[in-house]
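Descriptive structure summary
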Amino acid sequence: MTFTILARDPDTGAIGGAAATGSLCVGGWVLRGDLRAGMSGSQGASPSTLWGEEVLDAMRTGQSAAIAVAAVTAPDRGRSFRQLVALGLSGEGAEFTGKDNTPVMAGRGFDNGVAAGNLLRSEAVIDAVIDGYLGSGGSLPERLLASLRAGDAAGSDTRGLLSAALLVLSPDQAPLTLRIDYSRTPLDDLDALHARATSGDYARWCTQVPTLSDPQRALD
């Protein structure tokens, strides 16, 4: 019901994720992140928000993404209806896709990232999401937004899209968490919200809030 990408920028140490779906509130359901652990995306026919938190907890203790995904998914008797992607701070990604999710399903890892989806027009959607990210320029958020556009153009969710979200965490920047919970044009709206959030007074204010690298930063 959703396609999601998680990626790491090796130059800045930033981690991020983007997701889109033909249902409501994809950001709240799918994306989780922690600069001390990594990123996760939990989705599927019967998604578990618990998975998204649990895999971050596991990676926070030093487990790799692959080991953490296996540990979280194996004991869940409903796992065949769920899908999980995880990305560690080193850029290692892992994914799990249960066999009873709605076809077409796909998951792929790539250098410093991972992507997956279900209820897709074809597996080419996930290939396009990855290619859209790798083939674009600009900041990590801009590349993630480009990846959603590419996935949509390649066939998207079979129902079309109703919500989209972006989550980017950086050691030296304020968190960027943007959600379009319901719209007939969620990618357009997410692009517009990103432009507003990264310009003007709001962007200037964000440069003065605490970050992991400067936790005591405040207004001058």
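The subject of this paragraph is the layout of surface pockets. Empty space within the largest pocket amounts to approximately 480 Å³. P141, Q173, A174, L176 and T198 are the residues nearest the centre of the largest pocket, which is lined by 22 residues in total. Sorting the residues of the lining of the largest pocket by element identifies helix 5 (140-153), strand 9 (163-170), strand 10 (173-180) and helix 7 (200-206) as the ones contributing at least two each. If you tally residues by element for the lining of the largest pocket, the top one is strand 10, at six residues.

Turning our eyes to something else, we now look at the sheet that holds strand 7 (residues 106-110). On the basis of which strands lie adjacent, the open sheet formed by six strands has the order 7-8-1-2-9-10 and antiparallel pairing. Strand pairing shows two members of the sheet lacking a second neighbour, strand 7 and strand 10, which therefore form its edges. The mean angle between the axes of side-by-side strands here comes to 5 degrees, regardless of whether they run parallel or antiparallel. Where strand 7 and strand 8 (residues 113-117) come together, five bridges link them in antiparallel fashion.

What follows covers the packing of helix 4 (residues 124-134) against helix 5. The relative placement of two packed helices is expressed as an angle between their axes plus a distance between the axes. Where helix 4 meets helix 5, the axes come as close as 7 Å, and the angle between the chain directions of the two elements is 150 degrees. Taken together, the axes of helix 4 and helix 5 lie roughly antiparallel to each other. As for how helix 4 packs across helix 5, the hand of that crossing is right-handed. Of helix 5, the residues touching helix 4 (which contributes V125, A128, V129, G132, Y133 and L134) are L140, R143, L144, A146, S147, A150 and G151. Considering only residue class, the contact of helix 4 with helix 5 consists of nine nonpolar, three polar and one charged.

With that settled, the discussion passes to the side chain of S42. Take S42: it is sitting in strand 4 (residues 38-44). At 2.4 Å, the side chain of S42 forms a polar contact with the backbone oxygen of S48.

Definitions and limits used
Residues numbered from 1 in each chain as written. Predicted model: local features only at pLDDT ≥ 70, side-chain atom pairs only at ≥ 80, totals over all residues. Heavy atoms only, no water. 1 Å grid on protein atoms, 1.4 Å probe; cavity = no way out; pocket = protein on both sides within 12 Å on 5 of 7 lines; lining within 4 Å. Points joined across faces, edges and corners; volume = space filled by probe spheres on them. Helix = DSSP H or I, 4+ residues; strand = E, 2+ residues; numbered from the N terminus. Pairing = 2+ DSSP bridges. Axes fitted to C-alpha atoms, helices over the stretch in contact; angles between N-to-C directions. Parallel < 35°, antiparallel > 145°, perpendicular 65-115°, else oblique. Left-handed = near helix turned anticlockwise from the far one by under 90°. Contact = heavy atoms within 4.5 Å. Nonpolar A, V, L, I, M, F, W, Y, C, P; charged D, E, K, R; others polar. Polar contact = N/O pair within 3.5 Å; in protein donor to acceptor, adjacent residues only side chain to side chain.

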